[in-house]
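Descriptive structure summary
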Amino acid sequence: DSLLPCLIFCHSTGARTYRIKIYEKENHRGNMVELTEDSPQVMDQLRSPEMLSCSVLEGYWILYELPNYRGRQYLLRPGQYRRFSEWGSMSGKVGSLRRATDLY
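Residues numbered from 1 in each chain as written. Predicted model: local features only at pLDDT ≥ 70, side-chain atom pairs only at ≥ 80, totals over all residues. Heavy atoms only, no water.

Per an unreviewed UniProt entry, the protein chain carries the name Beta/gamma crystallin 'Greek key' domain-containing protein and comes from Terrapene triunguis.

The structure is reproduced here in structure tokens:
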């Protein structure tokens with residue numbers, strides 16, 4: 001499996017606006033934070049040890065398991081993720097988020 005086809009698509013679409021809502025609980029409940037910029041420390045903003053759901057409203061995002069863009073990575077496309085298993089993770093542990101820009 002490779003992210004290359006998705007990365008090529010992300011780059012070719014030229015999306016320049018990015019927006020994601022992250023939630024501390026499943027099904028888009030609990031504390032919510034909306035991000036439009038990269039976040040090296042997601043949990044500082046959400047004030048929760050886990051992010052259990054999210055809504056990608058604009059652009060593509062890369063979710064990292066650890067702070068400062070380290071650890072396992074998950075590519076999030078626009079859409080609703082009602083629980084962490086929907087983006088392929090086995091836990092709600094999220095350390096950082098980065099906009100998928102200039103990938104080629």
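Additional details are given in the paragraphs that follow.
**Some details on the side chain of Ser 89**
Topologically, Ser 89 is positioned in the loop between β6 (79-81) and β7 (96-99). At 2.6 Å, the side chain of Ser 89 forms a polar contact with the backbone oxygen of Ser 91. With residues near it in sequence (within four places) discarded, Ser 89 still touches Tyr 74 and Phe 84. (Helix = DSSP H or I, 4+ residues; strand = E, 2+ residues; numbered from the N terminus. Polar contact = N/O pair within 3.5 Å; in protein donor to acceptor, adjacent residues only side chain to side chain. Contact = heavy atoms within 4.5 Å.)

**Regarding the sheet that holds strand β4 (residues 61-66)**
The strand order β5-β4-β7 describes an open sheet built from three strands, whose pairing is antiparallel. Bordering the open sheet on either side are β5 (70-76) and β7, each of which pairs with just one other strand. Here the average twist between neighbouring strands, direction ignored, is 25°. The sheet contact formed by β4 and β7 spans four bridges and is antiparallel. Across the sheet, the residue bridging to Leu 63 is Leu 97, located in β7. (Pairing = 2+ DSSP bridges. Axes fitted to C-alpha atoms, helices over the stretch in contact; angles between N-to-C directions.)

**Considerations on the pattern of salt bridges**
For the coordinates displayed, the defined rule picks out six salt bridges. Among the ionic pairs, Arg 99 bridges to Glu 37, the shortest N-O distance being 3.5 Å. Taken as a pair, Arg 99 in strand β7 and Glu 37 in the loop between β2 (29-35) and α2 (42-46) lie far apart in primary sequence, 62 residues in all. For Glu 65, the salt bridge is made with Arg 72, and the minimal N-O distance between the two is 3.6 Å. Using a relative accessible area of 18% as the deciding quantity, one classes Glu 65 as buried. (Salt bridge = Lys/Arg side-chain N within 4 Å of Asp/Glu carboxyl O. Buried < 20%, exposed > 50% of the residue type's maximum accessible area, 1.4 Å probe, protein only.)

**Describing the environment of Arg 47**
Within the fold, Arg 47 resides in the loop between α2 and β3 (53-58). Counting along the chain gives 14 residues from Arg 47 to Val 33, while the straight-line C-alpha distance between them is 9.5 Å.

**Concerning the sheet that holds strand β1 (residues 19-25)**
Read across the sheet, four strands follow the order β2-β1-β3-β6 without closing on themselves; strand pairing throughout is antiparallel. Of all strands in the sheet, those with a lone pairing partner are β2 and β6, marking the two edges. Adjacent strand axes in the sheet meet at a mean angle of 15°, parallel and antiparallel pairs treated alike. In this structure, β1 lies alongside β2, joined through five bridges in antiparallel fashion. Its bridge partner lying in β2, Ile 22 is registered against Val 33.

**Notes on the pairing of β1**
In this sheet, β3 lies alongside β1 in antiparallel orientation, the contact comprising five bridges. Considered in β3, the bridge of Arg 19 is made with Glu 58.

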